[in-house]
Amino acid sequence: MFNIFLKPNFNLIKCFTTKAVNKTAHLEKTIIETKTTPYNIAIDYLQKSLQRNIDFNKNIIEKNGNKKLFYDFTLLKLCQLHNVSLKEIYKLDDKLTLKLDSYKLPTKIYVGLSSGIDSTFSTAILTQLFPGKIIGIYMQNWGQQQDSITETSNKCWEKDIKELESLQRHENLRIDELIVKSFEKEYWMNVFEPFLETYSKGETPNPDIYCNSLIKFKALMEYIDLELEKNNDRDYQLVMGHYCQKLNEKGIHMAFDIKKDQSYYLSRVAPDNLQNCWFPLGHITKKECREYARQLNLPNFEKKDSVGICFVENEKRFNESSHSKGFSNFLSEYIDSKEGDFVSYLPKKLFLDDKNGKIKKHLRNSITKMESIDNEIGKIVWNFKHNGIHSYTIGQRIQAIIPQIEGFKGKWYLSEKNLEKNELVIVNGRDNPKLYRKEIHFKDVFKHYENDDKTEFAFKHRSLHLDEETGVIPLESLSNNSLISGNKCSGVSKGQFIVVYDATTKQVYMNAIIT
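Residues numbered from 1 in each chain as written. Predicted model: local features only at pLDDT ≥ 70, side-chain atom pairs only at ≥ 80, totals over all residues. Heavy atoms only, no water.

1. Re the packing of aromatic side chains
For clarity, the cut-off: Note on aromatic pairs: the rings of Phe, Tyr and Trp (six-membered ring only in Trp) are paired at centre separations within 6.5 Å, and the planes decide the class, stacked below 30 degrees, edge-to-face beyond 60, tilted for the rest. Per-residue accessibility, obtained with a 1.4 Å probe over protein chains only, is compared with the maximum for each type, and a residue is labelled buried under 20%, exposed over 50%, and partly exposed between these values.
Considering all chains together, one arrives at 27 aromatic pairs under this definition. On the basis of an interplanar angle of 20 degrees and a centroid distance of 5.9 Å, the ring pair of Trp382 and Phe384 is categorised as stacked. Phe384 matches Trp382 in its accessibility class, with the two residues each being buried. Where Phe408 meets Trp412, the ring centres are 6.0 Å apart and the plane angle is 25 degrees; that geometry is what we call stacked. With respect to burial, Phe408 and Trp412 carry one shared label: buried. Three or more aromatic residues joined by ring pairs make a cluster, and in this case those are Trp142, Tyr187, Trp188, Phe192, Phe195, Tyr199 and Tyr334.

And the structure:
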C-alpha cells in the first residue's frame, strides 16, 4: 500500500558526543539587584511559576475542597534552593513541608534539545538555577535518507546540530555535554510505518502522539538508563520543552498557556515514564518565554514555532509555500494515490429541472451523473476528481469551482470518506449539520488512573482551536467506548485521538482512538 523502497539503511546511524566549554564558574555568582541579570531573570521566572501553582491549587480548593492538591515539586525545590519564599503555598497544605523535604533534586539533568526557543530557554533556566550537570540530547528521528530537501539542499537536522553547537558557546547557556543520538530505526518502525498504514486507510492519525509515547518518553529514556547511566545510580531527571504541567508524581495537566498546551500530545505516555520528567514551560506563556529569552539575549528568541508533523514541519517542498499542499506531496511519495469522485447527496429539487426532470442548465457542466437514492434525495457526481482519499481530512474546505446558483452558493467542505467506493462526500456551508457530531465512538483506551465516579470530565479531539477560556469541550456522558459531547464538534475523523481530562484539575485521564 505504501512504498517501502524508501526505507532507510540503519547501518548509517551513528551517535556522537561533543564536550562543552566548562561553564561551571557561573554557579559562584553574586546576586545583583538588577532584574535584567540572568540570575534575576531566572528568579523572576521561579516567582511567577510558583504564584501560578498557588493560584491553580486555590482554584481547586474553591471548587473541590482541599482533599487533593497538585504541586510541581521540582519547581518548589528550586524555589527552596534559591530562597524564594514558599510561605503562601505552605498555608494551603500543612503536610507540604514534609512532602517537599522528602523530595530531592537529581545530580544530573538531561535536556531534550532542538534548535528552537522552548528547549533553549529551558536550558537557560537550568543554567541559572540547577547546580548539577546539564547534558543536552538532540534526537535525530528523521534522518539522512528520508529528510526532505530544502531550497538550499540542507537537511533540517544538520542545520539544527550546527545551531546547537553555536548555542553551546552562548554565555547564558551551560550545556556540559551535547549528545546527538539517532532514533531513526525506532521512529521508522514504531511511528512512521503505522502512520502510513493508517493514512492509507483514509483515516487521520497523529504521529506526534506516538513519537512522544514510544520515542521521546520511552526509547530515549531506555537509552539513558541502559547506555548513558548503566554504570551510574540513575540519579537524573529528563527535562523537555513541552507546554504542559507534570504535577505530583506522575500527573500530566494542561499548560497555563491554553493556546500552546501540548498535554494532548503526551496523553499516551506511560505515567511511570513521566515520574522523572520536568516541564519548565508549564507555568508560563509562550509570549513570556520569548520575552525572557530576549532578556537573556538568546539568539533564537524570535525563531518561528515548528508547525505540523515533525518529519515535514519546516520544509518547503518543491518551492511550495502551502504547508497542506507540501504535506500532500510528501504523502504521495509513500502512499499510492488513486483518483476518485467527489459526490454530494442533495434534495433533487436543487439540481433537477421541474419541467423535464433533467439536471438544471447551469449545473450540467459541473455534474457528470446523478443517481436516485429515494423520491427526494439524489446522489450527484461532480466533474472534478480527488487525487487520493488520504490527501483530505474531514472538515477540509474543497477548492473547486461550483456554480454559485440558489442552493449551491458558498463554500463546500468534506463531510465523509467512502473508502470502499473511493469517494469523498462534500456538503455546502461551514454550518452544515453533517460536519458536526455530538456522539463520538472510540477504541484502544489508554487510562492514566482510575477515576472517581463523581469526577466531571471534559475532552479534546484535537490539540488546539477549541474553547478559548478552558481549552476543552464539556462532556455530557462517558462510557467505555463512546462519549456524548456537550457541544457539537466539527472535524472529527477516524484515526484521530480523543483525550479526556478532569474538568477541574485539567489532568489527563485517558486517551483513545476515534472510530
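2. So, the pattern of salt bridges
In plain terms, the rule: Think of a salt bridge as a Lys or Arg side-chain nitrogen and an Asp or Glu carboxyl oxygen that are within 4 Å of each other. Numbering of helices and strands starts at the N terminus; helices are DSSP runs of H or I of at least 4 residues and strands are runs of E of at least 2.
Tallying each qualifying case throughout the model produces 19 salt bridges. One salt bridge in this structure joins Asp93 and Lys99, with 3.1 Å as the shortest N-O distance. Assessed through its relative accessible area of 36%, Lys99 is described here as partly exposed. The partner of Asp118 in a salt bridge is Lys286, and the shortest N-O contact between them spans 2.9 Å. With Asp118 in helix H5 (residues 117-129) and Lys286 in helix H10 (residues 286-295), the pair connects residues that are 168 residues apart, well separated along the chain. You can call Asp118 buried: its relative accessible area is 16%. Bridged by salt links that share partners, the residues Asp118, Lys260, Lys286, Arg290 and Asp305 form one connected network.

3. Remarks on the pairing of strand S12 (residues 412-418)
To be explicit about the condition: DSSP calls a pair of strands paired once it identifies at least 2 bridges connecting them.
With respect to burial, S12 is a largely interior element, five of its seven residues being buried. The pairing of S12 with strand S13 (residues 423-428) spans six bridges and is classified as antiparallel. In the strand pairing of S13, Asn418 is matched with Glu423. Taking the residues between adjacent antiparallel strands as the criterion, S12 and S13 are bridged by four residues, where Asn422 takes a positive phi near 55 degrees.

4. Some points on the packing of helix H1 (residues 38-64) against H10
Angle between the axes and distance between the axes are the two parameters that describe a pair of packed helices. Formally: An axis is simply a line fitted to the C-alpha atoms; with a helix, the fit covers only the stretch in contact. Between two such axes, the angle follows the N-to-C directions and lies from 0 to 180 degrees. An angle below 35 degrees is read as roughly parallel, one above 145 as roughly antiparallel, one from 65 to 115 as roughly perpendicular, and any other as oblique. With the far helix as reference, a near helix turned anticlockwise by less than a right angle produces a left-handed crossing, and one turned clockwise produces a right-handed crossing. We call two residues in contact whenever any of their non-hydrogen atoms come within 4.5 Å of each other. As a working rule, the residues Ala, Val, Leu, Ile, Met, Phe, Trp, Tyr, Cys and Pro are called nonpolar, Asp, Glu, Lys and Arg charged, and the rest polar, with Gly in that last group.
Here H1 crosses H10 at 165 degrees, and the two axes come no closer than 10 Å. As judged from the angle between their axes, H1 and H10 are roughly antiparallel. Here H1 and H10 pass one another in a crossing that is right-handed. For the pair H1 and H10, the contacting residues are Ile41, Asp44, Tyr45, Lys48 and Arg52 in the first and Glu288, Tyr292 and Gln295 in the second. Looking at the contact of H1 with H10 residue by residue, the class counts come to three nonpolar, one polar and four charged.

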